[in-house]
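# Residue-level structural notes
In case you want the letters, here they are:
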Amino acid sequence: MPTGSEEAAETVRQLRSLATPAGAAALSRAAGLLAARIDAVAALSRLRAEVGVELAGPAWGIARQREKARPVFGADADRLLFTGDTLEQAGRPVLADRRAHRLLADGAGSVADLGCAAGTDTVALARAGARVVAVDRDPVARELTALNTAALGLTGVEVRDADVVDLVAAAADGRVAGCDAAVLDPARRAGGRRLLDPDRWSPPWSTVQALLDRVPRCVVKVAPGLDHDRVPAGVEAEWVSVGGSIVEAVLWGRALSATWRRATVVGRDGAVAELTAGTDPGTAPDGPVRGWLHEPDPAVSRSGLVALVGEQLGATLVDPTIAYLTSDSPAPSPWVTSYPVTDVLPFNLKKLKALLRAAGVGRVTVKKRGSPIEPEALARQLRGPGEQSAVVVVTRVAGAPTVLVCGPPAAAG
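What comes next is a walk through the structure. Predicted, not measured: the structure shown is a model, and the values here were computed from it. (Residues numbered from 1 in each chain as written. Predicted model: local features only at pLDDT ≥ 70, side-chain atom pairs only at ≥ 80, totals over all residues. Heavy atoms only, no water.)

### Description of helix α8 (residues 139-151)
With 13 residues, α8 ought to run about 18 Å at 1.5 Å a step, and its terminal C-alpha atoms sit 18 Å apart, in line with that. Residues of α8 that are buried: Val140, Ala141, Arg142, Glu143, Leu144, Thr145, Leu147, Asn148 and Thr149. If you follow the buried residues of α8, they end up packed against α1 (4-18), α5 (84-89), α7 (120-127), β2 (131-135) and β3 (157-160). Downstream of α8 by a residue or two, Gly153 has a phi angle that is positive, lying close to 75°. (Helix = DSSP H or I, 4+ residues; strand = E, 2+ residues; numbered from the N terminus. Expected span 1.5 Å × (residues − 1). Buried < 20%, exposed > 50% of the residue type's maximum accessible area, 1.4 Å probe, protein only. Contact = heavy atoms within 4.5 Å.)

### Quick look at unusual backbone geometry
At the junction of Ser202 and Pro203, the peptide bond is cis and its omega measures out at 0° in the coordinates. Inspection of the secondary structure puts Pro203 in the loop between β6 (193-194) and α10 (205-214). Although it is not a glycine, Ala177 adopts a positive phi angle of roughly 55°. Tracing the backbone through its elements, the reader meets Ala177 in the loop between α9 (164-169) and β4 (181-184). In this structure, Ala398 is a non-glycine residue whose phi angle is positive, near 50°. Here Ala398 shows up in the loop between β17 (388-397) and β18 (400-406).

### Describing the side chain of Thr149
If you trace the backbone, Thr149 turns up in helix α8. Residue classification places Thr149 among the buried residues on the basis of a relative accessible area of 5%. Look past the residues within four positions of Thr149 in its chain and what remains in contact with it is Thr122, Val123, Leu154 and Val157.

### Quick word on the packing of α1 against helix α4 (residues 53-73)
Between α1 and α4, the least distance of the axes is 10 Å, while the angle of their chain directions is 90°. Here α4 runs roughly perpendicular to α1, going by the angle between their axes. Contacts between α1 and α4 involve Arg13, Gln14, Leu15, Ser17 and Leu18 on the former and, on the latter, Glu54, Leu55, Pro58, Ala59 and Ile62. Looking at the contact of α1 with α4, its residues break down into six nonpolar, two polar and two charged. (Axes fitted to C-alpha atoms, helices over the stretch in contact; angles between N-to-C directions. Parallel < 35°, antiparallel > 145°, perpendicular 65-115°, else oblique. Nonpolar A, V, L, I, M, F, W, Y, C, P; charged D, E, K, R; others polar.)

Below, the structure is given as structure tokens:
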């Protein structure tokens, strides 16, 4: 059985073979077969006959990864190389571009990309005009970064095999790896599982803290579920959602921090909205359920800024421990999704089914907060013959298990 180093060496060899003219031709042919929806077995058989056994498998694998990457990476996807793991872990280019411009806004000319993976941040930084030192111990990551930046015609990139822990430990005078600024993206998975404890990340939390202390112009990508108590004083923490789903959290070094907490919402149309707080806004007041229920965007909830939104909307929490807001009117706001409330009742499956049947509801979307129910399972139980649809929210109201039956969401602001 090949060792990890042998597997990495073979992957690097395959990547280099695909970066040749013959490899490019094989990739183009594989993409054509994939686009034509040729059966995988037949497609691979054709590829082997046309481009050879050595190129066929790798070309087919990369073509499949490019197809997955295209919705996020756009036209660049057809020039980039990915492995399955690096594509899964790759950040979104639009967010990498946004981070790069903020990181370089005060004049930094060089940036260390500490843990470069497939090179998403390196590409964004180089395109923004920085000289980049891309660092990774993984030879596959280094090869991907070198090949991808070359494929995009980017210069000023040095790819280096080095230990991030050692580089950060040696950082001095606000610089690391000879650079004015740094991006750090610790590995937060092992064996296909998420590592919830930051002390088990690679590099570990101690290195994150050291970087924030020693390099004021830095940005660190962290898990969205990071405990707020972990954020050092003077460091801005930002949570980012795209299309209603939380995608990343970042810590901005002290030279770049502009506020205490920030929630950034990127809409499906690409519009960006930012909500900030210089200090902890505390908890919003709670009160009875009114005519509208407001579900805060996950970036707002994770950043602890629900109270700010409640104040803006004249809304209260349905329960002191639950991040659902309620008010008398819909909220044309990017921070929440608003639902008209038609019924409020104690959680009772039999009574809920009867209410939905009487209203002609057959299609149900279930949401929950503060409840152990499984939304998909409950939705199946509530499905019926009716033609109407409803949103069923299972939560707590004033401490009691409660169901809110709502209509479809109002248009967002």
